[in-house]
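Now for the letters of each chain:
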Amino acid sequence: MGTKTKFLRQFFKDRQMVGAVAPSTRFLAEKMLKNVDFENSKIIIELGPGNGVFTEILLERMAPDAKLYVFELNDEFYKHISERIDDPRAQIIHDSAENISKYVEKPGSADAVISSLPLMVFPEELRANVVNAAHKSLHKKGKYIQFQYSLQSKRYLEGIFKDVNIQFTIRNLPPAFVYTCQK
Ligand SMILES: C[S@@+](CC[C@H](N)C(=O)[O-])C[C@H]1O[C@@H](n2cnc3c(N)ncnc32)[C@H](O)[C@@H]1O
């Protein structure tokens, strides 16, 4: 079964968790990751890797002594990404993004959080727990980078982060907004 079919299957199994019908394109990944200062980043957290389209690029660009924590809750995606990624810098975690502090023990130590989570389809409590956990994990100049298919998250993220910059790409299915949030 192809990657896209597998992805669609997971969407039909649990729409709220997966939140997209297809994996992101390389264009969207590039747009998200160009806002990361890889040279000076020692701890990066990825939330919701799915098939690992962002994970592979993150590992290509990260410094040799940097560490990547990857949180994936879906059983099939977790299995897939654990088999696909073989890099001592990456820790693939089968747990919810709400539980960042269980694994990244020092609060305020992360340089960037890259999130593909379908935030606005999450129940309110889960959304708040995830975004607050991400915010707490970042150091004072850290960035939370999130894509969404609408501008619905703007006000929500502006209520939590100091500055929110939004970019758009049509080269994804569906077209997407990239939110780059400064702690
Ligand atoms: C929209 S998909 C994005 C997948 C991939 N990053 C991409 O862009 O193609 C959302 C991903 O978030 C995962 N996810 C949903 N809720 C989660 C949670 N609470 N903690 C960790 N991962 C979660 C889903 O299983 C899925 O892999």
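In what follows, the structure referred to is the one given above.
Residues numbered from 1 in each chain as written. Predicted model: local features only at pLDDT ≥ 70, side-chain atom pairs only at ≥ 80, totals over all residues.

## Describing the overall build of the protein chain
Put simply, the rule is: Strands here are runs of E lasting at least two residues and helices are runs of H or I lasting at least four, both read from the DSSP assignment and numbered beginning at the N terminus. With the radius of gyration taken over C-alpha atoms, the globule rule is written as 2.2 Å times the number of residues to the power 0.38. Using C-beta atoms placed from the backbone, we call a residue buried if 20 or more other C-beta atoms fall within 10 Å of its own, exposed if 12 or fewer do, and partly exposed for counts in between. We call two residues in contact whenever the C-beta atoms placed from their backbones are within 7 Å.
Per the secondary structure count, the protein chain includes eight helices and seven strands. The globule rule puts the C-alpha radius of gyration for 183 residues at 16 Å, and the 15 Å found for the protein chain is close to it. On the principal axes, the C-alpha backbone points of the protein chain span a range of 40 × 40 × 30 Å. The proportion of buried residues among the 183 residues of the protein chain is 39%. The contacts in the protein chain between residues at least 6 apart in sequence include a share of 67% that link residues at least 24 apart.

## Concerning the pairing of strand 4 (residues 110-115)
On a regular strand, one side chain projects to one face of the sheet and the next to the other, so that they alternate. Threshold: Strands qualify as paired when DSSP identifies two bridges or more between them. Orienting the strands away from the viewer, one traces the path from the first strand over the helix to the second; a clockwise path indicates a right-handed crossover.
With six of six residues buried, strand 4 lies mostly within the body of the structure. Of the pairings in the sheet, the one linking strand 1 (residues 43-47) to strand 4 comprises four bridges and is parallel in character. Bridge pairing in strand 4 links E46 to I114. Looking at chain direction, strand 4 and strand 5 (residues 138-148) are connected through five bridges and run parallel. Note that in strand 5 the partner of S115 across the bridge is Q146. Each parallel crossover has a hand, and the one from strand 4 via helix 7 (residues 124-137) to strand 5 is right-handed.

## Side note on the site of the ligand
Definition in use: Residues are counted as near a molecule or strand when the C-beta atom, derived from backbone positions, lies within 6 Å of that molecule or strand. Three categories are distinguished: nonpolar for Ala, Val, Leu, Ile, Met, Phe, Trp, Tyr, Cys and Pro, charged for Asp, Glu, Lys and Arg, and polar for the others, with Gly belonging to the last.
Around the ligand sit 22 residues, and of these S24, G48, G50, N74 and S116 come closest. Of all the secondary-structure elements, those providing two or more residues to the shell around the ligand are helix 2 (15-18) and helix 4 (53-61). Classifying every residue of the shell around the ligand by side-chain character gives 14 nonpolar, seven polar and one charged.

## Thoughts on the nonpolar core
Within soluble globular proteins, side chains that are nonpolar generally end up buried alongside one another. To keep it simple, the criterion reads: Only buried residues count toward a nonpolar core: Ala, Val, Leu, Ile, Met, Phe, Trp, Tyr and Cys, linked into one set through C-beta atoms within 7 Å.
Among the nonpolar cores identified, the biggest contains 41 residues, and M32, I44, V113, I114 and A134 are the most heavily contacted of them. In contact with I114, not counting residues within four places along its chain, are M32, I44, E46, F54, L58 and I145.

## Concerning the environment of I44
Note on placement: I44 falls in strand 1. Residue I44 is classed as buried on the basis of its C-beta count, with 26 C-beta atoms lying within 10 Å. Taking C-alpha positions, I44 is 6.3 Å from K67, a pair spaced 23 residues apart along the chain. Among all residues touching I44, those that are not within four sequence positions of it are L58, M62, A66, L68, A110, D111, A112 and I114.

## As for the packing of helix 3 (residues 26-33) against helix 4
Note the following rule: What counts as an axis is a line fitted to C-alpha atoms, over the stretch in contact for a helix, and the angles between N-to-C directions run from 0 to 180 degrees. Convention used here: angles under 35 degrees read as roughly parallel, angles over 145 as roughly antiparallel, angles from 65 to 115 as roughly perpendicular, and any remaining angle as oblique. In this scheme the handedness of a crossing depends on how the near helix is turned from the far one: anticlockwise by less than a right angle means left-handed, clockwise means right-handed.
At a minimum axis distance of 10 Å, the contact between helix 3 and helix 4 shows a crossing angle of 50 degrees. It follows that helix 3 is oblique to helix 4 by the angle criterion. With respect to the hand of their crossing, helix 3 and helix 4 are arranged in right-handed fashion. For the pair formed by helix 3 and helix 4, the contact residues are A29, M32 and L33 on the first element and V53, F54, I57, L58 and R61 on the second. Its residues assigned to classes, the contact of helix 3 with helix 4 shows seven nonpolar, no polar and one charged.

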